[in-house]
Amino acid sequence: MSSPTPFSPEETRFAEMVFPEQANHYGALFAGSALALLSKAAFVAASRRARNDVVMARSEATDFHTPVRVGELLDMVARVIRVGRTSLTVEVEGVAETLSTGARRPALHGRFEMVAVDADGRPTPIALKPALGLQAPAGVQ
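A few points on the structure.

## So, empty space enclosed by the protein
For the structure shown, the criterion picks out one cavity of 30 Å³ or more. There is about 40 Å³ of room inside the largest cavity. Around the largest cavity, the lining residues are Phe14, Ala15, Glu16, Leu37, Lys40 and Met76. At the level of elements, strand 1 (11-17) and helix 1 (31-50) are the ones that each hand at least two residues to the lining of the largest cavity. Here the lining of the largest cavity gets three residues from one element, more than from any other, and that element is strand 1. Among the residues forming the lining of the largest cavity, the class breakdown is four nonpolar, no polar and two charged.

As C-alpha cells, then:
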C-alpha cells in the first residue's frame, strides 16, 4: 500500500441522493433540506481549513437556480475563499445530476461566514497556513 498523499483542505466534496423525505410537495428538494446540506459542506470545509471547531455566523446568500428532483444526485463542492483572523468565508456550489443519463446542471449556490471558536465558544485565531492532511482514498474527500 502506498503512502497517502497530502491534500488541500481548501476544497470539500459531498454527494447526496435526494430522497422523498427531503422533498417538498412538488417532488423537489425542500429549501430547508438544501440549506442544511450546503451548511454541512461549509462546516466541513471551514473545519478542515481552520483545524478547529467552527460555527456559522452568517449565511450571506443562497441561490436556488433549478429544482433538484427526488432521485437525483446533488453534488456539492465547498471552497474556502477567504481566511481572516478568526473567520472564513466558504462558497458551496451544488450541481444536480440525473444518474441514469449523467446530465448535470447548476442547482444551488451558497456563501457562508464561519468563525473558529475555542472550548468556551469564543472566537479564536486561525493559523495562517493550513496543516497538511492526508489524502483520502481516490474519489473520497
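## Remarks on the side chain of aspartate 75
Along the chain, aspartate 75 falls in strand 3 (residues 73-83). On the accessibility criterion, aspartate 75 (17% relative accessible area) is buried. One polar contact links aspartate 75 to arginine 104, side chain to side chain, over a distance of 3.2 Å.

Reading guide: rules and limits
- Along each chain, residues carry numbers from 1 onward, in the same order as the chain's sequence is written.
- Under the rules for a predicted model, residues below a pLDDT of 70 receive no local features and side-chain atom pairs below 80 are neither given nor counted, while totals for whole chains, interfaces and linings still include all residues.
- The side-chain quantities take in all heavy atoms of the structure and omit both hydrogens and water.
- Only protein atoms enter the calculation, which uses a 1 Å grid: trapped sets of points that fit a 1.4 Å probe without letting it out are cavities, open sets showing protein on both sides within 12 Å along at least five of seven lines are pockets, and any residue with an atom within 4 Å of a point is a lining residue.
- Grid points are joined across faces, edges and corners, and a volume is the space filled by probe spheres set on the points.
- Only runs of H or I of at least four residues qualify as helices and only runs of E of at least two qualify as strands under DSSP, and these elements are numbered from the N terminus.
- When residues are grouped by polarity, Ala, Val, Leu, Ile, Met, Phe, Trp, Tyr, Cys and Pro land in nonpolar, Asp, Glu, Lys and Arg in charged, and all others, Gly among them, in polar.
- With a 1.4 Å probe rolled over the protein chains alone, any residue whose accessible area is under 20% of its type maximum counts as buried; one over 50% counts as exposed, and the rest are partly exposed.
- Polar contact criterion, stated in full: a pair of N or O atoms within 3.5 Å, where within protein one must be able to donate a hydrogen and the other to accept it, and residues adjacent in sequence count only if both atoms are side-chain atoms.

Remember, this is a structural readout, not a statement about activity or role.
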